[in-house]
Amino acid sequence: MITNLHVSNKELKHFKAKFKALSDENRLYILHILAANGKTCVCDLSEQLNLSQSRLSYHLKVLMDAYFISVEKQGKWNYYFTNREEIKKVLSPDLCCLFYPE
């Protein structure tokens with residue numbers, strides 16, 4: 001029997017975006033690279049992932065919409081980095097340790 005859980009549509013959409021961001025192998029790999037290397041230039045991500053610029057931009061946008069990554073512009077380049085605490089809120093301890101071994 002389902003009871004009234006008092007979950008708003010806004011909360012559900014918030015988590016939907018997060019799980020969508022984690023549902024793609026390329027995005028998981030991007031998170032892994034950023035967690036391992038810290039701030040990383042988009043040019044380096046492009047080279048490591050062998051993705052077209054448009055495809056990489058799409059994946060980065062999905063991750064940013066879920067607040068898993070942030071961007072900092074330095075000159076003409078964008079540098080991406082993880083929002084560690086946001087990732088830890090969603091990941092299980094096993095998967096979290098894959099990104100942030102302690």
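Residues numbered from 1 in each chain as written. Predicted model: local features only at pLDDT ≥ 70, side-chain atom pairs only at ≥ 80, totals over all residues. Heavy atoms only, no water.

(A) Highlighting the pattern of salt bridges. In this structure the tally under the stated criterion is 4 salt bridges. Note that E86 is salt-bridged to K89, the shortest N-O span being 3.5 Å. Placement of the pair is E86 and K89 together in helix α5 (residues 84-90), with a separation of 3 residues, close to one helical turn. On the basis of relative accessibility, which here comes to 16%, the residue E86 falls in the buried class. The class of K89 is exposed, set by a relative accessible area of 64%. Each member of the salt-bridge network shares a partner with another, and the members are K18, E86 and K89. (Salt bridge = Lys/Arg side-chain N within 4 Å of Asp/Glu carboxyl O. Helix = DSSP H or I, 4+ residues; strand = E, 2+ residues; numbered from the N terminus. Buried < 20%, exposed > 50% of the residue type's maximum accessible area, 1.4 Å probe, protein only.)

(B) Representation of the environment of L28 in the model. Its place among the elements puts L28 in helix α2 (residues 25-37). Using a relative accessible area of 27% as the deciding quantity, one classes L28 as partly exposed. When the C-alpha atoms of L28 and H59 are compared, they prove to be 9.8 Å apart, with 31 residues separating the residues in sequence.

(C) View of the packing of aromatic side chains. Considering all chains together, one arrives at 0 aromatic pairs under this definition. The cationic tip of K18 hangs over the ring face of F68; the distance from NZ or CZ to the ring centre is 4.9 Å. The residue whose ring lies beneath K39 is F81, and the NZ or CZ to ring-centre distance is 5.4 Å. (Phe/Tyr/Trp six-rings, centres within 6.5 Å; stacked < 30°, edge-to-face > 60°. Lys NZ or Arg CZ within 6 Å of the ring centre and 35° of its normal.)

(D) Here's a closer look at the packing of α2 against helix α3 (residues 42-49). Where α2 meets α3, the axes come as close as 11 Å, and the angle between the chain directions of the two elements is 125°. The angle between α2 and α3 falls in the class oblique. Our pair here, α2 against α3, has a crossing hand that is right-handed. On the side of α2, the interface is formed by Y29, I30, I33, L34 and N37, while α3 contributes L45, Q48 and L49. Tallied by class, residues from the contact of α2 with α3 come to 6 nonpolar, 2 polar and no charged. (Axes fitted to C-alpha atoms, helices over the stretch in contact; angles between N-to-C directions. Parallel < 35°, antiparallel > 145°, perpendicular 65-115°, else oblique. Left-handed = near helix turned anticlockwise from the far one by under 90°. Contact = heavy atoms within 4.5 Å. Nonpolar A, V, L, I, M, F, W, Y, C, P; charged D, E, K, R; others polar.)

(E) The sheet that holds strand β2 (residues 69-74), seen in detail. With respect to topology, 3 strands assemble into an open sheet ordered β1-β3-β2, the strand pairing being antiparallel. Each edge of the open sheet is held by one strand with a lone partner, namely β1 (40-41) and β2. Bridge count for β1 against strand β3 (residues 77-82) is 2 bridges, and the pairing is antiparallel. Bridging from a neighbouring strand, C41 pairs with Y79 of β3. Together, β2 and β3 form the strand contacts of helix α4 (residues 53-65), whose direction differs from that of β2 by roughly 120°. (Pairing = 2+ DSSP bridges.)

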